[in-house]
Amino acid sequence: MKKRYSTLLVVMGIVAVLLLVGYPLFTQRAILQNYTGEEFLMDTFVSISTYGTDTALLREATRQAFQEMRRIAELTDRFATVAPERATGEPHNPDKANASNKEQAPGSEGRDRHNADLDTVPTGESAVARINAMAGIKPVRVDKDVFTMLQMAQEYHQLTQGAFDVTIGPVMDLWGFGQERKQVPAPEELQAALSLVDSKDMILDEESQSVFLKKKGMSLDLGAVAKGYAVEKAAQILEKAGVKQAIINAGGNIRVLGKKEEQPWKVGIQDPRNPEALIGILSLTDESAVTSGDYQRVKEIDGKSYHHIISPLTGYPAEENISVTVVTPDSGRADLLSTALFLMEPQQALALVEQIPDTEMFLVTDDKKIFYTSGLEGKIELTPGEEYAYAKKMAD
Amino acid sequence: MLMRKRWLTKADTRLLIAVILLSLVAYVMIKISAGYASAEKQAVVEVSGKIVRQFDVAEDTATRMTIRGKTRPTTIEVQKGRMRVLEAFCPDQLCVKQGWISGPGQSIVCVPNELVIYFQDNDDSGLDGITR
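Residues numbered from 1 in each chain as written. Chains lettered and ligands numbered in written order. Predicted model: local features only at pLDDT ≥ 70, side-chain atom pairs only at ≥ 80, totals over all residues. Heavy atoms only, no water.

Student: Just checking my understanding: could you explain the overall build of chain B for this structure?
Tutor: Each helix and strand in chain B was counted, giving two helices and eight strands. When the helices and strands of chain B are placed in sequence order, the string is α-β-β-β-β-β-α-β-β-β. Buried residues in chain B amount to 39% of all 132 residues. Put simply, of all contacts in chain B between residues at least 6 apart along the chain, 31% involve residues at least 24 apart. (Helix = DSSP H or I, 4+ residues; strand = E, 2+ residues; numbered from the N terminus. Buried < 20%, exposed > 50% of the residue type's maximum accessible area, 1.4 Å probe, protein only. Contact = heavy atoms within 4.5 Å.)

Student: When you look at the sheet that holds strand 10 (residues 278–284) of chain A in this model, what are you seeing that I'm missing?
Tutor: Consider a sheet: its strands pair through backbone hydrogen bonds, and that pairing is either parallel or antiparallel. The four strands are arranged 17(A)-10(A)-9(A)-8(B) in an open sheet whose pairing can be described as mixed. Each edge of the open sheet carries a strand with a single partner, namely strand 17 (380–382) of chain A together with strand 8 (129–131) of chain B. Ignoring which end each strand starts from, the neighbouring axes of this sheet average 30 degrees apart. Here strand 9 (residues 265–270) of chain A runs beside strand 10 of chain A; their pairing, made up of six bridges, is antiparallel. Looking across to strand 10 of chain A, one finds that Trp-265 of chain A is bridged to Leu-284 of chain A. (Pairing = 2+ DSSP bridges. Axes fitted to C-alpha atoms, helices over the stretch in contact; angles between N-to-C directions.)

Student: It is not clear to me how the nonpolar core should be interpreted in this structure. Could you clarify?
Tutor: Residue and element names in this part refer to chain A. One finds Leu-150 and Leu-341 to be the most contacted residues of the largest nonpolar core, which totals 72 residues. Two domains each put at least three residues into this core: domain 1 (33–71 + 225–390) and domain 2 (81–213). Setting aside residues up to four positions removed in sequence, Leu-341 forms contacts with Asn-321, Val-324, Val-326, Ala-349, Leu-352, Val-353 and Met-361. (Core = buried A, V, L, I, M, F, W, Y, C linked by side-chain atoms within 4.5 Å. Domains from an automatic or database assignment.)

Student: I would appreciate a short explanation of the pattern of salt bridges in the present structure.
Tutor: Two side chains of opposite charge can pair, provided their charged atoms sit close to one another. Residue and element names in this part refer to chain A. Across all of its chains, the model carries 22 salt bridges over all chains by this definition. Of the charged contacts in the structure, one is a salt bridge between Asp-201 and Lys-215, with a shortest N-O distance of 3.5 Å. Remark: Lys-215 occurs in the loop between strand 6 (210–213) and helix 9 (226–240) and Asp-201 occurs in the loop between helix 8 (187–194) and strand 5 (202–205); sequence separation between them is 14 residues. A relative accessible area of 36% means that Lys-215 is categorised as partly exposed. (Salt bridge = Lys/Arg side-chain N within 4 Å of Asp/Glu carboxyl O.)

Student: Mind showing me how you'd approach the domain arrangement of chain A here?
Tutor: Frequently, the measure chosen for interface size is the accessible area that the parts lose on association. Residue and element names in this part refer to chain A. Structurally, chain A comprises domain 1 (33–71 + 225–390) and domain 2 (81–213). Between domain 1 and domain 2, the residue contacts involve 32 residues of the former and 33 residues of the latter. In total, domain 1 and domain 2 occlude about 2700 Å² of area from one another, counting both sides; carbon and sulfur atoms represent 71% of this. When residues of domain 1 are sorted by the area they lose upon contact with domain 2, Tyr-229, Lys-299 and Pro-312 head the list and together hold 24% of the total. At the junction of domain 1 and domain 2, the tally comes to four salt bridges. Here Glu-155 and Arg-333 are joined by a salt bridge, their closest N and O atoms 3.6 Å apart. (Buried area = accessible area lost by both parts, 1.4 Å probe.)

Student: When you look at the packing of helix 6 (residues 144–159) of chain A against helix 9 of chain A in this model, what are you seeing that I'm missing?
Tutor: Packed helix pairs are specified by the crossing angle of their axes together with the interaxial distance, meaning the distance between the axes. Residue and element names in this part refer to chain A. It is at 11 Å that the axes of helix 6 and helix 9 come closest, and there the two elements cross at 125 degrees. As far as their axial angle goes, helix 9 and helix 6 are oblique. As helix 6 runs across helix 9, the sense of the crossing is right-handed. Together, Asp-145, Thr-148 and Met-149 of helix 6 and Ala-226, Tyr-229 and Lys-233 of helix 9 make up the contact between the two elements. Considering only residue class, the contact of helix 6 with helix 9 consists of three nonpolar, one polar and two charged. (Parallel < 35°, antiparallel > 145°, perpendicular 65-115°, else oblique. Left-handed = near helix turned anticlockwise from the far one by under 90°. Nonpolar A, V, L, I, M, F, W, Y, C, P; charged D, E, K, R; others polar.)

Student: When you look at the confidence of the model for chain A in this model, what are you seeing that I'm missing?
Tutor: Detail in the predicted coordinates should be disregarded across regions flagged by low pLDDT. Summarising the model, chain A shows a mean pLDDT of 87, and 86% of its residues fall at 70 or more. Averaged pLDDT values for the elements of chain A fall to 42 in helix 3 (residues 95–103) of chain A and rise to 98 in helix 9 of chain A. (pLDDT = per-residue confidence, 0-100.)

Student: Sorry if this is basic, but what is going on with the sheet that holds strand 7 (residues 245–250) of chain A here?
Tutor: Residue and element names in this part refer to chain A. Across the sheet, which stays open at both edges, the nine strands sit in the order 1-2-7-8-11-14-15-16-18 with mixed pairing between neighbours. Each edge of the sheet is formed by a strand with only one pairing partner; in this case those strands are strand 1 (33–41) and strand 18 (389–390). Packing against the sheet, helix 10 (residues 331–342) makes contact with strand 8 (253–257), strand 11 (288–293), strand 14 (321–328) and strand 15 (360–365), and its axis sits at approximately 155 degrees to strand 14. Against the sheet, helix 11 (residues 346–355) engages strand 14, strand 15 and strand 16 (369–372), with an angle of about 180 degrees to strand 15.

Student: Help me understand the side chain of Asn-321 of chain A, please; the structure alone is not making it clear to me.
Tutor: Residues and elements named next belong to chain A. By the secondary structure assignment, Asn-321 is in strand 14. Here the side chain of Asn-321 touches Phe-342 through a polar contact of 3.0 Å, landing on its backbone oxygen. Of note is the side chain of Asn-321, whose polar atom sits 3.0 Å from the backbone oxygen of Met-344. Ignoring sequence-local partners within four residues, the contact set of Asn-321 consists of Leu-341, Phe-342, Met-344, Pro-346, Leu-363, Val-364, Thr-365 and Asp-366. (Polar contact = N/O pair within 3.5 Å; in protein donor to acceptor, adjacent residues only side chain to side chain.)

Written out as structure tokens, the structure is:
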């Protein structure tokens, strides 16, 4: 009897030891540390949340990611002030600008001298503001990031047959989004501004990496591109620094790295007519989700509300859709596409998104019909309120 | 009856099973009670990236508070497990227009005042973000 009793004790002892040793091993992924940084950037609230075992690494990676986002924000701020134009023939990189010249490829100085009519962006100045100030005057050599964004914008100007246009600046100025102005532009004013909107008059020269707006008064507005691009750059920096799990949220512009503890990240899609509700929940891994909605930035003028997604074809807020969410790996593309598709007729938008690889869309029309691409099947949990109806799902 | 020396008798086995079952039940109960404890929502108010207020919100919590934002004060109202920005001194009034929020993961941001309010997400199965 005694012997059996002791056997039992031994067995229980072994079980206890196994539990003690095994539990921490089993739950090791729970020891994952989280480091979150938050900053106000590009007119929005940006949070970068990273996960890993090395907090110092997470903190440093997050710091670098924010630094990169600030740089992109600075380059693309179109309301920034610009130093006066340099006279033609004057050396292009006097004192301060010399610092930035060192970062350029060897031999670029020779090329600069060759292109005497090329303007450059002084260090710390906004490239977009400079391009706008030089509209109709001379091309501006810009850094690789600005050039890449504008190339992407021009590509989608063609693909959307003009429904998306990054040279919308003059029209945006009339509506005064981002400024205090509060009146509906007069039709004649809008027509005059619209005559200055055309991406075909934005000349991108790959060899000199320069941008030229042909007509005086033209201006770029990177509102639909820069935020997503900056988020994508931040994600790349985190990845390079060795971060494997992270979520970047720039005012609803979302990019995830890896998975969250072996499960995809769960990202809700805001119900466009009820801020308390979600219309769907996405499961994301190594990709981005960006939404353009008519409820995001609204101006009330004489009792009527106008949203900020202005059609470059009409000059007025686009009214076919109320919310368009794009899911694709690259956050810059997701940002641009969500605006571009928002500006199109639903059927055209579906047809276009079909041609783009690895890209899915969730679209809500003005009459509350929901369209989504079949690639979202299994990746989305649908939670719309009763007022929404599903339109025919599209085949891939 | 011949008593063979067995490593574990039936009674031992039963006891062992009972102990294991008991611990499992205890584990599940602890998990559930922990779940209940975190079901009470926690509201967080941040200004310029720093937490300035943090408080529990129950169904019957009803309060208003004025927070000093980066530039101007902002008034927040909490009621019936929800909260909103009641009054803010900013040009667009986007934070006021956004209305009520009630769930974890939801937030209201006032950019000019660098103010953010949100409900803390204590639940592992919750959302990681909202695209809007």
